[in-house]
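# Report on the structure
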Amino acid sequence: MGHAMITAALFLCLCPLAFAPAARAETTGPAAATVESDCTIFHIEVRKLQKCRVYFPADYDSATAYPLVIGLHGYGGSARGFSRIWDYLEPQSFIYAVPEAPYPLSDLTMESTRQYSWEFKGDDTGLWKEADPWIPEFIVRVADFLCGKYRIDKICLFGFSQGAGWAYVTGIRNPGIFDGIICFGGKMPDPAEYDWLLTDEIIRNGRNLKVFIAHGRDDDTIGYQAAVNAGQKLKDFGYDVELVLFDGGHTIVRAPLEKALEWMGIRD
């Protein structure tokens, strides 16, 4: 594997997914049904294989241990689009994995325009509570799969927007697996509102996790106060937090990302 970039479409087993977004929920809970004019829609649990792109350094050596960065794209993004970040992160001294979110938002016939979401779309809270925990399980499965195939010395989650929210959830819930999380333009779920994802006890137990938060001051999609609030809450629980507010909007800026990778010990 001595060439500049190797992309592997690894198909990983995803936990059960629910399909057919609700238009109007008649009941709550995982068996909830939606009644439309000509049919009733049920949300059925299934298992599927989910695609993940993996990139290796140009001088990759199978006898050497590398850091692993798992990139989580934002709402309406894709693994293909989020993979482009790899091209401007030279020198590339780590393995970069980009899993695809499970819920399609667009026509899938054209790969270049495909859009995905990490979250089940619908108004039924019962279905959210059923489906949401499968996302961190899937991300952990990505980490476990790659650690079983390659020499990995540390693992960092890197999320943007919606992906940053799931980086918070997955990292905090699994501090024994992940060494740190990098969150750009995201919002940490409020335990008072999303207690099936995070609670104060779960947050307290994850305090050995390093957290790098970056946010544009001019972000009108998710205001930068969300970054300030998340950073302060995690600091209050004893986390090692680095917060960077940069000039710009809802985007990823190269300089803070490079600083994050250095701060995490991913690269020199």
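Residues numbered from 1 in each chain as written. Predicted model: local features only at pLDDT ≥ 70, side-chain atom pairs only at ≥ 80, totals over all residues. Heavy atoms only, no water.

Time to look at the pairing of strand β9 (residues 152-160). Of all nine residues in β9, seven are buried, a share of seventy percent or more. Here strand β5 (residues 66-72) runs beside β9; their pairing, made up of seven bridges, is parallel. Looking at β9, one finds that Gly71 is bridged to Phe158. Sheet topology note: the β9/strand β10 (residues 180-184) ladder contains five bridges and is parallel. Paired with Gly159 across the strands is Cys183, a residue of β10. Crossover β9 to β10 through helix α4 (residues 162-173) is right-handed. (Buried < 20%, exposed > 50% of the residue type's maximum accessible area, 1.4 Å probe, protein only. Helix = DSSP H or I, 4+ residues; strand = E, 2+ residues; numbered from the N terminus. Pairing = 2+ DSSP bridges. Right-handed = clockwise from strand over helix to strand, strands pointing away.)

Attention now goes to helix α3 (residues 134-149). The periodicity of an α-helix, 3.6 residues per turn, causes residues three or four positions apart to be oriented the same way. End to end, α3 covers 23 Å across 16 residues, agreeing with the expected 22 Å (1.5 Å per residue, within 8%). Those residues of α3 lying buried are Trp134, Ile135, Pro136, Phe138, Ile139, Val140, Val142, Ala143 and Leu146. (Expected span 1.5 Å × (residues − 1).)

The predicted structure's coordinates, where accompanied by low pLDDT, should not be read in detail. Looking at the protein chain as a whole, its pLDDT mean stands at 86, while 84% of the residues score no less than 70. With pLDDT under 50 throughout, residues 1-31 is counted as low confidence; its partners more than four residues away or in other chains account for 111 contacts. (pLDDT = per-residue confidence, 0-100. Contact = heavy atoms within 4.5 Å.)

Turning our attention to the packing of α3 against α4. Two elements in contact, α3 and α4, have axes separated by 9 Å at closest approach and are oriented at 70°. With respect to α4, the element α3 is oriented roughly perpendicular. Facing Ile135, Pro136, Ile139 and Val140 of α3, the residues of α4 in contact are Trp166, Val169, Thr170 and Arg173. (Axes fitted to C-alpha atoms, helices over the stretch in contact; angles between N-to-C directions. Parallel < 35°, antiparallel > 145°, perpendicular 65-115°, else oblique.)

The next subject is α4. Taking 1.5 Å of rise per residue, the twelve residues of α4 would be expected to cover 16 Å, and the 17 Å separating its terminal C-alpha atoms lies within 8% of that figure. For α4, the buried fraction is high: eleven of the twelve residues fall into the buried class. The set of residues buried in α4 consists of Gln162, Gly163, Ala164, Gly165, Trp166, Ala167, Tyr168, Val169, Thr170, Gly171 and Ile172.

Glancing now at the pattern of salt bridges. Taken as a whole and judged by the stated rule, the model has four salt bridges. When the shortest N-O distance is used, the salt bridge between Lys233 and Asp200 registers 3.6 Å. Placement of Lys233 in helix α6 (residues 225-236) and of Asp200 in helix α5 (residues 200-205) is noted, with a sequence separation of 33 residues between them. Accessibility expressed as a relative area gives 36% for Asp200, which makes it partly exposed. A salt bridge links Glu258 to Arg254; the nearest nitrogen and oxygen atoms lie 3.0 Å apart. (Salt bridge = Lys/Arg side-chain N within 4 Å of Asp/Glu carboxyl O.)

One broad rule of soluble globular proteins: the nonpolar side chains tend to lie buried together. If you look at the biggest cluster of nonpolar residues, it comprises 47 residues, and the most contacted ones within it are Ile70 and Tyr168. By residue number, the principal contributor to this core is α3, which donates seven residues. Counting residues in hydrophobic clusters, the runner-up holds 25 residues, among them Val69, Phe94, Phe160 and Phe246. (Core = buried A, V, L, I, M, F, W, Y, C linked by side-chain atoms within 4.5 Å.)

Structurally, Ile213 can be placed in strand β11 (residues 210-216). Between the C-alpha atom of Ile213 and that of Ile182, which follows or precedes it by 31 residues, the distance is 6.0 Å.

With that settled, the discussion passes to the pairing of β11. With six of seven residues buried, β11 lies mostly within the body of the structure. Bridging between β10 and β11 involves five bridges; their strand directions are parallel. If you follow Phe184 over to β11, its bridge partner there is Ala214. In the classification by handedness, the crossover that spans β10, the intervening α5 and the parallel β11 is right-handed. Where β11 meets strand β12 (residues 240-246), seven bridges bridge the pair, whose relative direction is parallel. Within β12, the residue paired with His215 across the bridge is Leu245. As for the winding sense of the linkage, the β-α-β connection from β11 through α6 to β12 is right-handed.

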